[in-house]
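Structural overview
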Amino acid sequence: MLGKRVIIRHMSDILLLIGVILPPPALDSLGGVRQEFTLQTPYGPAGPFARRDQVLVLPYSGLPDRTDPRATLWAAKDLGITRIIGWDAVIGLNPLLHRGSLLVPDDFIDWTRHQPTTFFERRGLGYLPQMPAFCPQCRQALLHALPDAAPLGVYLGFDGPRRETAAEARLLRAWGSDVLGLNLVPEVILAKELELCFVGLTSVVEPGADRLPDDGQAAAEPSLSGEHSGEFRLALRRVLEALPGIAAALQGPRTCACGQSQAGSRSRGALGDDWKTWF
Ligand SMILES: [Zn+2]
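What comes next is a walk through the structure. All values reported here derive from a predicted model rather than from experimental measurement.

1. Some thoughts on the nonpolar core
Membership of the largest hydrophobic core comes to 80 residues, with the highest contact counts inside it found for Leu15, Ile84, Leu142 and Val179. What leucine 15 contacts, discounting residues up to four positions off in sequence, is Val55, Leu56, Leu58, Ala76, Ile81 and Ile84.

2. Here we look at unusual backbone geometry
For the bond from methionine 131 to proline 132, the omega torsion is 0°, close enough to zero to count as cis. Looking at the element boundaries, proline 132 is found in the loop between strand E7 (107-110) and helix H2 (136-145). Along the chain, glycine 160 connects to proline 161 via a cis peptide bond; the corresponding omega equals 5°. Along the chain, proline 161 falls in the loop between strand E8 (154-157) and helix H3 (166-174). In the Ramachandran plot, glutamate 195 falls in the positive-phi region, its phi being about 60° despite a non-glycine side chain.

3. Examining the pairing of E7
Here E7 runs beside E8; their pairing, made up of 4 bridges, is parallel. By the bridge assignment for E8, aspartate 107 is matched with valine 154. Remark: the E7/H2/E8 crossover connection has left-handed handedness.

4. Topic: the pairing of strand E4 (residues 56-59)
Relative to E4, strand E1 (residues 14-19) is paired through 4 bridges, and the arrangement is parallel. Considered in E4, the bridge of isoleucine 18 is made with proline 59. In this structure, strand E3 (residues 44-52) lies alongside E4, joined through 2 bridges in antiparallel fashion. From the neighbouring strand, arginine 51 faces E4, where its bridge partner is leucine 56. Between E3 and E4, which pair antiparallel and follow one another directly, the connecting turn spans 3 residues.

5. Some remarks on helix H6 (residues 230-249)
For H6, with 20 residues, the first-to-last C-alpha span of 29 Å sits near the 28 Å given by 1.5 Å per residue. Within H6, the full set of buried residues consists of Phe232, Ala235, Leu236, Val239, Ala242, Leu243, Ile246 and Ala247. Buried residues along H6 sit against E1, strand E5 (83-92), strand E6 (102-103), H2 and strand E10 (197-207).

6. Focus: the environment of valine 104
Position of valine 104 relative to the elements: it lies in the loop between E6 and E7. Owing to 22 C-beta atoms within 10 Å, valine 104 belongs among the buried residues under this scheme.

7. Some words on the environment of proline 132
A tally of 14 C-beta atoms within 10 Å means that proline 132 is categorised as partly exposed. Along the backbone, proline 132 and aspartate 107 are 25 residues apart, and their C-alpha atoms lie at a distance of 7.6 Å.

8. Brief notes about helix H1 (residues 69-78)
Within H1, 8 of the 10 residues are buried, leaving the element largely enclosed by the surrounding structure. Among all positions in H1, only Pro69, Arg70, Thr72, Leu73, Trp74, Ala75, Ala76 and Lys77 are buried. Here the buried face of H1 lies against E1, strand E2 (33-41), E3, E4, E5 and helix H4 (187-193). Two residues or fewer after H1 comes glycine 80, characterised by a positive phi angle close to 85°.

Rules and cut-offs
- Residues numbered from 1 in each chain as written.
- Predicted model: local features only at pLDDT ≥ 70, side-chain atom pairs only at ≥ 80, totals over all residues.
- Core = buried A, V, L, I, M, F, W, Y, C linked by C-beta atoms within 7 Å.
- Buried ≥ 20, exposed ≤ 12 C-beta atoms within 10 Å, placed from the backbone.
- Contact = placed C-beta atoms within 7 Å.
- Helix = DSSP H or I, 4+ residues; strand = E, 2+ residues; numbered from the N terminus.
- Pairing = 2+ DSSP bridges.
- Right-handed = clockwise from strand over helix to strand, strands pointing away.
- Expected span 1.5 Å × (residues − 1).

Next comes the structure, spelled out in C-alpha cells:
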C-alpha cells in the first residue's frame, strides 16, 4: 500500500508490461528505480509498478488467475500513461519461428474465455473497431529498433495457465496463429476502450506442443522457470539493449489514431470528458 506518499505521475507516459522473467538489474538501462507502488482500482489492486527514468515497469508474468486485467489498464490510464508496450514470452506455433525469435504481431485472435474483455459491462458501448489491432506508431518504433524481428504475425491469446495440447496447437496454427501467449489479450482490447496505445513484442520460448520431442521434456514450464538457455538469453539481451531507444522514440506526440478510439461516443455525448465516469 502506498500510504501517504505521493505517486510520481508524469516522468514518462510509457508503461512496459514484462511477461518475461528477468532479474531486476536487467532493466537498469531504462534508468534507476525512483519509486515502487501499488494502486487501488475499482477492479482490485494493480502493481507493483516500478517508476524508472524512461518508463513505468510492471512485471506481468505468473499473475494469480483471478487478477482482473482491467485493474492494470485502469491504473495505467489513471497514472497518465498513453502508451503500453507488452513484452511477452510466447509459444511459437509457426514452424518458421524458433527459440529466441522475435515477432511484433500485427493482429490477434482472442481465444480467452474466462477473462473480462470490456469495461462497458453495464452500458451498450465498447463496440470498437479492432483494426489496426496494435498501435501502428509503436509497432514502427519497435521494428526500427529491432530490425531482425518478424514484422507481421498473429498473436493467439490463450487463458492458461496450462500449456496447449498438440491438437490445440494444430488447430490454432490452422486458424493462422503464429504465436500463443497469455499476456497481451484481452489487454490490447481493454486499452482501446481507454484510448491507450498498445503494442506487443513477443519472444519465442518454445515450439508448439505438436512439435515438441516425443518425450515432451521441453514442455516443463520453460517460460515460467526463469532459467533461459543460450539462444533465448541472447534474444532477451537484444531486446534489453533496444529498450532505451524504443522508449526515447516514443516520448514524442502521438501520430496514431489510438487516442481517438472513443471520439464517436464522446462527440454524441455518450461519454463525458472525465473517463472515470464512462463505466
Ligand atoms: Zn497509438
